[in-house]
Amino acid sequence: MTKTGDAHPTPVFLLNQTGSGIIPPMATPEQIEAGLERILLKVQKPGRYVGGELNTVIKDWDRIDTRIALVFPDIYDIGISNLGLQILYDLVNQRPDALAERAYAPWVDMEEQMRLHAIPLYSLETKHALADYDILGFSLPYETLYTNALNMLDLANIPLRSEQRGQADPLIIAGGHACFNPEPMHAFIDAFVVGEGEQVLLEIIEAVRSAKAQNEPRREMLLRLAKIPGVYVPRFYDVSYLEDGTVAATTPNVPGIPGVILKRMLPQLPPPPTRFIVPNIDVVHNRVSVEVMRGCTRGCRFCQAGMITRPVRERSVDEIVQAAEAAVDATGAEELALLSLSSSDYTDILELVNKIGEKFTGRHLTVSLPSLRIDSVSVDLMEKLKDRRSGGFTLAPEAATERMRRIINKFITDEQLLETAREIYARGWNSLKLYFMIGHPSETIEDVQAIVDLCKRVLAEGRKSLGGRAKVHAGVSTFIPKPHTPFQWVAMDTQEQIQAKLDLLKRELRGPAFKVSWTPPEDTLLEGWLSRGDRRMAEVIYTAWRNGTKFDAWQDQRQLQAWSSAFASLNLDPAFYTHRTRRFDEVFPWEHISDAVRKKYLYRDYQRSLDGGTREDCRDDCDACGILPTFAAARREYPGIYWKCPEVRH
Ligand code: SF4
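Definitions and limits used
Residues numbered from 1 in each chain as written. Predicted model: local features only at pLDDT ≥ 70, side-chain atom pairs only at ≥ 80, totals over all residues. Heavy atoms only, no water. Pairing = 2+ DSSP bridges. Helix = DSSP H or I, 4+ residues; strand = E, 2+ residues; numbered from the N terminus. Axes fitted to C-alpha atoms, helices over the stretch in contact; angles between N-to-C directions. Contact = heavy atoms within 4.5 Å. Near = heavy atom within 4 Å. Nonpolar A, V, L, I, M, F, W, Y, C, P; charged D, E, K, R; others polar. Expected span 1.5 Å × (residues − 1). Buried < 20%, exposed > 50% of the residue type's maximum accessible area, 1.4 Å probe, protein only.

In this section: the sheet that holds strand β10 (residues 288–291). In space, the three strands of this open sheet follow the order β10-β13-β14, with parallel pairing throughout. Lying at the two open borders of the sheet, with one neighbouring strand each, are β10 and β14 (366–368). Ignoring which end each strand starts from, the neighbouring axes of this sheet average 20° apart. Strand direction decides the pairing type here: β10 and strand β13 (residues 335–339), joined by four bridges, are parallel. The residue of β13 that forms the bridge with V288 is L336. Relative to β10, helix α10 (residues 317–331) is tilted by about 165°, and along the sheet it contacts β10 and β13.

Structure (structure tokens):
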């Protein structure tokens, strides 16, 4: 059904064979609008597909040089609140010579109708077919979106593989945390943005504009992009393998491009967006967000985001308060999220919360502050924000024994945790949600049993204040040794091990006072394969998609069998990626992608974890992770208090 013959083998494929489901190579906005009129009343939530929301930007298509579609490969209800996409939308649309529009993945009912009526994937703003844009910018914050990205390219009638695209096809770029290991998607994406996309996207627009003006061949244009710092163009790199199947090296195959692609990092955070798009329908997070800081210095050893977003850069209290007010005024929002990886580590958090409280007194605004530390200051903060709508309070100890919390470098004592729980119940919250992770390195079944014991001790604290009204909710996920973390050398639990641990928790935490929610082992394994994969995973992803899988982040849609068959048909062993301890000197598939944190530093930290050694917040005592020497010139240029690494004078 596409130009390349990459047809999705669903019943729709049969329609294509009859000719009635073929998506035309080009469709005008008018044709697409007419098609939508025929199908929208046949799908759930048509509001997902019509656009026209408050604060969308519509420019004169014919007067703009460079047109970008920002693509979020999950449904509107989730993608609409993605802050990264909103930042880029705002940034590009500030330029008079460029426009940014949006596209989200249609839900299965809409996809079926679109294929049936030959409607290609289109932007919400102007209903142009995605194939008409100069650039499609995919947001890939997590790996379980990969098959959706393929499906969206197919629905857009764009060749799936980079090598099959021609001069008339859009440039397909991708950014987001998952791109710190781009290799599993290397065959489908023309260029990856590594790190923070704000500046680099504008540089890509410039490069594409110049290339277009000179009618430059596609390969030359891609070579231009490969020379932009922070841009990885996979076709210009070759991968060699050792006999044992591990990577020997990834090396450039053309001169003049870097052997290692260093992430982009903004020394100072730009002004936050405030004109948020207001969704037409009820969505998962109907709120405006202000990012209070980027990066995290706590050093939790399982946390990829904490490593790849270093260093910490904060915004000033005044800038945050002004942005919050502007965003609420521009949208009428009733919820404001102050986002960061670790909110209570924001230096002036008390002042910020007080000022937000003063500014919005009497305005019926719920303010949320995710990722709080386990201490009484956090309870004070939550009380000030009066976020009682859910009646719940969330803490993330991640592990239930002090030994294990040392190993993962999220150390607090049991007594500190119980004291915080006591405070929470005493101040009237009746439900406490505790996030745990199972499968940590060197975890024993006793460590899992300790989750049960800790939940029971926490409940006992609650009952002292609230009697039978106290509740505990244990949220359980499973550890994945993510790239660029100190645990990237570790093997992850097998499906049987995960299942046995979950069975224990479900069996022991029974009764009306407890609730247990968990990530199914299949989801964890799939995320493990995709996040740790090498270039060979690209064919697995393609085959799994051909086998009918998409919406892998949705438990009711994901088909593990399609993935297992894909591995089998390609003669690849999934355990090779997930259940194998790596040699110290193993070359990782992501080794040519640098977040500036040194591999030796990560390995030393891994070794230290085995001895029960912890690290403090590095803002108080720099651990020399590698960020500062790499970005020393930038630090010199941007001295001051908002960037939390030590200043560099010489
Ligand atoms: S350079 Fe030092 S202060 Fe900065 S992120 Fe690394 S360890 Fe932390």
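All right, on to the site of the ligand then. In the region of the ligand, the neighbouring residues are R310, C618, C622, D623, A624, C625, I627, L628, C645 and P646. The class makeup of the residues in the shell around the ligand is eight nonpolar, no polar and two charged.

Three or four residues apart is the spacing at which side chains of an α-helix point the same way, because the helix has 3.6 residues per turn. The end-to-end C-alpha separation of α10 is 21 Å, in line with the 21 Å expected for 15 residues at 1.5 Å each. Within α10 the residues assigned to the buried category are V317, I320, V321, A323, A324, A327, V328, A330 and T331. Packing partners of the buried residues in α10 comprise β10, β13 and α11 (349–359). Just downstream of α10 lies G332, where phi reads positive at about 70°.

Within the element layout of this structure, H440 appears in the loop between β16 (431–438) and α15 (445–466). Note on H440: relative accessible area 3%, which makes it buried. With near-sequence residues (within four places) excluded, H440 lies in contact with F302, E398, A399, M404, I408 and F479.

To continue, consider the environment of D534. Along the chain, D534 falls in the loop between α17 (521–532) and α18 (537–546). By relative accessible area, D534 is classed as buried at 3%. Counting along the chain gives 177 residues from D534 to G357, while the straight-line C-alpha distance between them is 48 Å. Among residues more than four places away in sequence, those in contact with D534 are E183, P184, Y241, G245, F576, Y577 and P589.

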